[in-house]
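# What the coordinates show
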Amino acid sequence: MSACVPTRNDHSSRSSRPSRASGIKRPHSPPPRRGRFRVSGADLSASITVFLIAVPMSLGLAVAMDAPLAAGLVAAAIGGIVAGLLGGTPLQVSGPSAGLTVVTAELIQVYGWRTTCAITIGAGLLQILLGSLRAARSALAVSPAIVHGTLAGIGVAIALAQLHIVLGGAPQSSALDNALTLPSRLVESDPAALSIGMLTVLLLIAWPRLPGRAGKSLGRIPAALAAVVIATAVAAAATPGIARVNLPSWRSHALPEAPHGPVAALAAAVFTVMLVASLESLLAAVSVDKLAADRSAAAPKDGTPPPAPVERSDLDRELRAQGIANALSGLAGGLAVSGGAVRSSANVRAGAESRASTVLHGVWVLLAALLLVTVLEWIPLAALAALVMVVGIQMVSFAHIRKVHRHREFLVYGATISGVILAGVLEGVAIGIVVAVAVALHRLARTRITVTEQDGRYLVTARGQLTFLAVPRLSRVLGRLPHGVDAVVELDGFFMDHAAYETIQDWYTAQTAMGAHIEFTGRSGGRIAEPASAAHSCCRPWTPWRNHHCHDGVQDTPATSTPAPSYVVSRTAPAEAAAAAGSSAGRHGASRLLSGLSSFQRTTAPLVRGELARLAEEGQRPSQLFLTCADSRLVTSMITASGPGDLFTVRNVGNLVPPPDSEGSTGNDDSVAAAIEYAVDVLEVESITVCGHSGCGAMQALLKAEPETPRTPLWRWLRHGLPSVERMRSRDHSWARIAGRLPTDAVEQLCLTNVVQQLEHLRAHESVARRLAAGTLHLHGMYFHVGEAQAYLLTEGASSGTGPDEVFARVAPGAVWGAEPDSEAAPTAPVSA
C-alpha cells in the first residue's frame, strides 16, 4: 500500500478514538445540541452583580439628563433583555447611554421629553438600517483619537453638570456655562447635599481598596451599590429633608409623540444620537472581546479550569440589536440605549459565561421598577449625581491619553475634547475630523530632504512620501547640486506620485547628460532597479531576509535608463555597481552575502550594538537549549520571537539526538552530546526543546531507505533516526498525532514520532537525567508546520515521559504559559509506512 495512504486498523483506531463520554468533540461531527437558553450558576451570579450596578446608574443618568427617572429603568430593562437576546456580543450589557447624557439633556430642553423619545426611535431605525448594510465595521475606521476625545469631552461635560447637583443646585444648559457658574455655586453650596455627595465619592474610590480579609469579602459587593446604600442610610438618619428620588406612577408615564421642529435640526439630532450610541456600543463590544479573551487565556491560581471561550462579536448583528432596543425604548418612553463599558466589564469580571446574565439583569431591573418603587425613592439625588460624576470622570481615560500621545495624535484628541465641551458633540466630532485630516496632510507633506557630501560624492536623502506637496522642496534641493557630479539618491518611502517622479526624472536626465553617475537606493542601501513589474511579486519589504531569487535577472541600470515611481530594492550591494557586468554564479552568491552584511551594518547593527555589547561583557546566559533541524526554512529566532542571548541552538539534519552509547564506523557521535552537556552543566539552561518540522527531507530519506542503501556519511548520521521509524511501525506505542486533525501522510507522521523518540534519546544522557531527577530541567517537544506558519507543542505528560498520549496541541495567538493549548485530538489511524 502506498506510504501516503492512511489505513484503518480496528484495534488501534478503536483504542485511540475518544469515547462519547469523554467530552471531546470530533472534528467532523455535528456540534453538540444545546438548549436555546441555559442559565448557569455563574450567569445567575453575574446578573445580580450587574443589576446592582445598573439600577443606581440608570437612575443617576436619568437625573443627569433631566429625564423622567422611570425612563432610565425602562432603558436598562429593554437594553438588557432585547439587546441581550439579539445582540452579537453575548457578554455586553446595554442600558442608558452615558455618552448621550449631554446630547439627550439638550434635546429635552429644546424639544421636550416626548419628542426626544421619537428622536430615539428614529436613531434606532437608522442603526437597524446601517447594521443591515453591514456598516458596523466601517464605523471603527474613525480615528481612535476622535472617538476617545468625544467620549472624554462628554465625560467632562457630565462631571461639570453633576457637580452642580452635588453642591445642591441645578446644572446649566451647557458645559461652558456650568464651568463659568461653578465658583458661585461653590459659595452657595448646600452642606447636606455636599456631604452626601462627598461620602458617595469617597466610598466609590475606597470600597474596592479595602484592606484585609474583610475587605476582600466586602469587595465582592459592587462599589456603586455599596456607596448608594450607605449614602442613603446616612441621609435617612442625618439629613431627612434632603432631595430624593421621585418615581411618578406608571399611569402618568410619558410616551413618544410625533416630532415637532425644523426637519434639518431633527435629522441632525437623530444622526447625533445614532452616531454616539453606535460608537459607544461598538467600542464597548471590542473591549468586551479583549476582556473575555484575557479571562479565557488566564489560568486560575486555584487550579479550576478557566471559563469556556466566548465567541467573538458580530458587530453588524450587535448594531442591529442596539437599533431594535433603541426603537423599543423610545416607544416605551425610555432613554436611548447603548452598550456600556462599566456594566459590560463588571459582567465579564463577575464570571458571566453567556448572554443569559445580560438578559437576567434586564429582568431584575424590570422587577425592581415594578416592585421596589418605595425603596428606590429613599435614594438621595446627591448620591446619584456623585455616582454619575465619577462615571464621567472615568470616561477621561489616562490610558487613552498616553496612547494617543505615543502615536502623536494628541492634537486631534485635544481638539475633539475642546469642540465637544465648547460647541457640542456633533460639532466636536466635525472639528476632530478636520484636525485629523489636517495633521495627515501635514505629515504627508513633511518630507525631510537632506544633502551630504563626502570626497566629491553627494548623498541625497529623502525621508517620507514623495508627493506633489514635497516637489518644491525636492526641486530646490536637487537644483543646488553642482552639474555633472556623481550622486546617490536614497529614497526612504513607499510612495512616489507622478509629480515627484517627473521632477526626479528631469533632474536625472540633465545630470547624466553631463556625464554624472546617479544611483537610486532604498534605505537599506540596495539599488533601485527598473519597475517592479519586471520582478517577481514574491518579495515583500517586510522580509529583507527572504531567500527568494526575485531579482536575479536585474542588471545594473544603464546610464540612459530612468527611475520608476514604483521601484524595487535589489539585493545588489552599492559596491557591486563598480564591478563589471556578467559576473559568474559564484560571484553572484558572494554579492548576495555582501549585500546582506552591508544591510545589517547599515540598518540593524546601530539598533543592536548596545545590547550585544552588554552580552559580550556579561557572557551568554540562555534560558533554553533549542535543538532543531538544519532546514533553511526554519528560522528559529522568528518562530520563537527570541533575540541575542535567548537560545542556545543546535541544528543538524533531522533534529536528531544520538543516544549516548551510539557508535558508527568512524567512532562516536559526540558533537550533539557535547552541546547538550555544555548547555545543561555549564550554561545551566532551564529547558530543552526538540523541534521538528513539516516536509523534513531527513524523514523522507528514512522512509525511502532500502536495505542496500550506500553507507555514506549522510546515511551514517541518519541511522540515528531509524528508532523513530521502528517506533512509528510498532504496535507497542501510541501514535503521535496533531490535535484536531490526522497527520496528512507518512512523512508528517514520522516527523511527529521522531520528536517523541529524540526526547527519549535525550533523557538517556547522564547530564539530562541528573537534572530531570532534581526537577531543575524540563523537556519540550515541538512541531512547526512551515506552510501554515503554525507551531504545535507536545502535551506535558508526553514531554516528560509520563503521559500515555502523544498529542501535539496547536499554539493559539495570545496563549500564555500554564494555559493548556488546544488539545482537542482527532481520532487517528495508523499511517502505513
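First things first, this report covers the structure right here in the doc. This structure is a prediction, so every number in the text was calculated from the model and none was measured.

On to the overall build of the protein, then. The helix and strand tally for the protein stands at 32 helices and 15 strands. Burial statistics for the protein: of 833 residues in total, 45% are counted as buried. Counting only contacts in the protein whose residues sit at least 6 apart along the sequence, the fraction spanning at least 24 positions is 75%. Accessible area for the protein stands at about 41,200 Å²; split by element, carbon and sulfur atoms hold 60% of it.

Take unusual backbone geometry next. At Arg134, a position not held by glycine, the phi torsion is positive, near 60°. Residue placement: Arg134 occurs in the loop between α5 (113-132) and α6 (136-139). Residue Glu684 is not a glycine yet carries a positive backbone phi of 55°. With respect to the helices, strands and loops of the structure, Glu684 is situated in the loop between α26 (671-682) and β11 (687-693).

Taken as a whole and assessed by the stated rule, the structure comprises 10 salt bridges. The residue Glu257 makes a salt bridge to Arg114 at a minimum N-O spacing of 3.9 Å. Placement of the pair is Glu257 in the loop between α12 (223-238) and α13 (263-297) and Arg114 in helix α5, with a sequence separation of 143 residues. What makes Arg114 partly exposed here is its relative accessible area of 39%. A salt bridge links Arg633 to Asp631, with the nearest nitrogen and oxygen atoms 2.8 Å apart. When salt bridges that share partners are traced, they join Glu611, Arg614, Glu618 and Arg621 into one network.

Between helix α27 (residues 697-704) and helix α30 (residues 746-763), the shortest axis-to-axis distance is 9 Å and the interhelical angle comes to 110°. The angle between α27 and α30 falls in the class roughly perpendicular. Classified by chirality, the crossing of α30 by α27 is right-handed. For the pair α27 and α30, the contacting residues are Met699, Gln700, Leu702 and Leu703 in the first and Ala746, Val747, Leu750, Cys751 and Asn754 in the second. Classifying every residue of the contact of α27 with α30 by side-chain character gives 7 nonpolar, 2 polar and no charged.

To continue, consider the packing of aromatic side chains. Taken as a whole, this structure holds 5 aromatic pairs when the rule is applied. Judged by centre distance (6.2 Å) and plane angle (40°), the rings of Tyr783 and Tyr792 are tilted. No difference in accessibility class separates Tyr783 from Tyr792, as the two residues are buried. Between Tyr783 and Phe808, the aromatic rings sit 6.5 Å apart at their centres with planes inclined by 70°, giving edge-to-face as the arrangement.

Pairing in this open sheet of 7 strands is mixed, and the strands run β8-β7-β11-β13-β14-β15-β12 from one edge to the other. Edge positions in the open sheet fall to β8 (647-652) and β12 (737-738), since each of these has one partner strand only. Relative to β11, strand β7 (residues 624-629) is paired through 5 bridges, and the arrangement is parallel. From the neighbouring strand, Thr628 faces β11, where its bridge partner is Cys691. Here α30 sits on the sheet in contact with β11, β12, β13 (778-785), β14 (790-794) and β15 (807-810), set at roughly 160° to β13.

Before going further, it helps to examine a nonpolar patch on the surface. A grouping of Leu366, Leu367, Leu370, Leu371, Leu372 and Val375 is seen on the molecular surface, where their side chains present a nonpolar patch of about 560 Å² in accessible area. The element best represented in the nonpolar patch is helix α16 (residues 356-371), accounting for 4 residues. Counting through the fold element by element, Leu371 comes out in helix α16. A relative accessible area of 66% means that Leu371 is categorised as exposed.

What follows covers a positive patch on the surface. A cluster of basic residues, Lys290, Arg402, Lys403 and Arg406, forms a positive patch at the surface. Along the chain, Lys403 falls in helix α19 (residues 398-406).

As a further point, take the pairing of strand β3 (residues 448-454). Both β3 and strand β4 (residues 457-463) contribute to a ladder of 7 bridges, which runs antiparallel. Across the sheet, the residue bridging to Arg448 is Arg463, located in β4. Linking β3 back to β4 in an antiparallel pair, the connection comprises 2 residues, with Asp455 at a positive phi of about 55°.

Now for α19. The distance from a side-chain oxygen at the start of α19 to the backbone nitrogen of Ala399 is 3.3 Å, and the residue carrying that oxygen is Ser397. Directly beyond the C-terminal end of α19, a positive phi value near 60° is found at Arg408.

Of all hydrophobic cores here, the largest spans 96 residues; its most connected members are Leu59, Ile119, Val273, Leu335 and Val365. With 12 residues, the single largest contributor to this core is helix α7 (residues 144-166). When near neighbours in sequence (up to four residues on either side) are disregarded, Leu335 contacts Ala62, Met65, Ala67, Ala71, Gly72, Ala75, Pro96, Thr104, Trp113, Thr120 and Ser329. Core analysis: the second largest hydrophobic core is formed by 45 residues, Phe648, Ala698, Leu762 and Leu794 among them.

The next point concerns the sheet that holds strand β5 (residues 487-492). One open sheet holds the 4 strands; their spatial order is β3-β4-β5-β6, and the pairing between them is mixed. A strand with exactly one partner marks an edge of an open sheet, and here the two such strands are β3 and β6 (518-521). The mean inter-strand angle of the sheet, taken between neighbouring strand axes irrespective of direction, is 15°. Alignment of β5 against β6, held across 4 bridges, turns out to be parallel. Looking across to β6, one finds that Val489 is bridged to Phe520. The sheet contacts of helix α23 (residues 498-513) involve β5 and β6, and relative to β6 the element is tilted by about 145°.

Our next topic: helix α29 (residues 722-729). Residues Ser724, Val725, Arg727 and Met728 constitute the buried set of α29. An end-on view of α29 places all buried positions within 160° of arc, on one side of the element. The inward-facing, buried residues of α29 contact α27 and α30.

How each quantity is defined
Residues numbered from 1 in each chain as written. Predicted model: local features only at pLDDT ≥ 70, side-chain atom pairs only at ≥ 80, totals over all residues. Heavy atoms only, no water. Helix = DSSP H or I, 4+ residues; strand = E, 2+ residues; numbered from the N terminus. Buried < 20%, exposed > 50% of the residue type's maximum accessible area, 1.4 Å probe, protein only. Contact = heavy atoms within 4.5 Å. Areas by Shrake-Rupley, 256 points an atom, 1.4 Å probe, with all protein chains shown as cover. Salt bridge = Lys/Arg side-chain N within 4 Å of Asp/Glu carboxyl O. Axes fitted to C-alpha atoms, helices over the stretch in contact; angles between N-to-C directions. Parallel < 35°, antiparallel > 145°, perpendicular 65-115°, else oblique. Left-handed = near helix turned anticlockwise from the far one by under 90°. Nonpolar A, V, L, I, M, F, W, Y, C, P; charged D, E, K, R; others polar. Phe/Tyr/Trp six-rings, centres within 6.5 Å; stacked < 30°, edge-to-face > 60°. Pairing = 2+ DSSP bridges. Patch = residues over 30% accessible without salt bridge, like charges linked within 9 Å, V, L, I, M, F, W, Y side chains within 5 Å. Lys, Arg positive; Asp, Glu negative; His and termini not counted. Charge placed at Lys NZ, Arg CZ, Asp CG, Glu CD. Polar contact = N/O pair within 3.5 Å; in protein donor to acceptor, adjacent residues only side chain to side chain. Core = buried A, V, L, I, M, F, W, Y, C linked by side-chain atoms within 4.5 Å. Arc of directions from axis to C-beta.

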